[in-house]
Amino acid sequence: MFAKEVEVQNQVGLHARPATFFIQKANEYRSTIWVEKDERRVNAKSLLGVLSLGIVGGTKIKIRADGGDEVEAVENLVKLIESGFAD
């Protein structure tokens, strides 16, 4: 199990298009990945789950993964969020 906290940089947060990019990236990994906000935890590979957290810019979230590529998954998802979804 590997986890890291990150602050969402883009103003709209993880809504619509950014959430889709996030989920696509999460699905590149075999590990089970979760996104946590406050006391709630959802599957990072689920659009409805991620959107249900209502993550806006400036929110701190935790990304947690469990599996063979857990460190790579978490580190790359954190980098995506820190970039503000700018490729």
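Just above sits the structure.
Draft legend 1. Seen up close, the packing of aromatic side chains. Enumeration over the complete set of coordinates arrives at zero aromatic pairs. One Lys or Arg, Arg-41, reaches over the ring of Trp-34 and ends 5.1 Å from the middle of that ring.

Draft legend 2. Focus on the nonpolar core. The biggest cluster of nonpolar side chains holds 25 residues, and the ones touching the most others in it are Phe-22, Ile-33, Val-35, Ile-61, Ile-63 and Ile-81. Of all the elements in the fold, those that place two or more residues in this core are α1 (16-26), β2 (32-37), β4 (60-66) and α3 (70-82). With six residues, the single largest contributor to this core is α3. Not counting residues within four places of it along the chain, the set of residues in contact with Ile-33 comprises Ala-26, Val-42, Asn-43, Ala-44, Lys-45, Ile-63, Arg-64, Ala-65, Ala-73 and Leu-77.

Draft legend 3. Focus on the pattern of salt bridges. By the definition in use, this model includes four salt bridges. For Glu-75, the salt bridge goes to Lys-4, with nearest N and O atoms at 2.9 Å. On the criterion of sequence distance, the pair formed by Glu-75 in helix α3 and Lys-4 in strand β1 (residues 2-7) is long-range, its members being 71 residues apart. Owing to a relative accessible area of 24%, Glu-75 belongs among the partly exposed residues under this scheme.

Draft legend 4. Just the sheet that holds β2, in detail. The antiparallel open sheet is built from four strands, whose spatial order is β1-β4-β2-β3. On the outer flanks of this sheet lie β1 and β3 (40-43), each paired with one strand and no other. Along the sheet, successive strands turn relative to each other by an average axial angle of 25°, direction set aside. Across five bridges, β2 lies against β4 in antiparallel orientation. Its bridge partner lying in β4, Val-35 is registered against Ile-63. Contacts between α3 and the sheet are confined to β1, β2 and β4, with β1 contributing the most and set at about 5° to the helix.

Draft legend 5. Molecular detail of the environment of Ala-3. Within the secondary structure, Ala-3 is located in strand β1. Those residues within four positions of Ala-3 in sequence are excluded, and the remaining contacts are Lys-62, Ile-63, Arg-64 and Val-74.

Draft legend 6. Structural detail: the pairing of β3. With four bridges connecting them, β2 and β3 associate as antiparallel partners. From the neighbouring strand, Trp-34 faces β3, where its bridge partner is Asn-43. Here β2 folds back onto β3 in antiparallel fashion, the turn holding two residues, of which Asp-38 has a positive phi close to 55°.

Cut-off values and rules
- Residues numbered from 1 in each chain as written.
- Predicted model: local features only at pLDDT ≥ 70, side-chain atom pairs only at ≥ 80, totals over all residues.
- Heavy atoms only, no water.
- Phe/Tyr/Trp six-rings, centres within 6.5 Å; stacked < 30°, edge-to-face > 60°.
- Lys NZ or Arg CZ within 6 Å of the ring centre and 35° of its normal.
- Core = buried A, V, L, I, M, F, W, Y, C linked by side-chain atoms within 4.5 Å.
- Buried < 20%, exposed > 50% of the residue type's maximum accessible area, 1.4 Å probe, protein only.
- Helix = DSSP H or I, 4+ residues; strand = E, 2+ residues; numbered from the N terminus.
- Contact = heavy atoms within 4.5 Å.
- Salt bridge = Lys/Arg side-chain N within 4 Å of Asp/Glu carboxyl O.
- Pairing = 2+ DSSP bridges.
- Axes fitted to C-alpha atoms, helices over the stretch in contact; angles between N-to-C directions.

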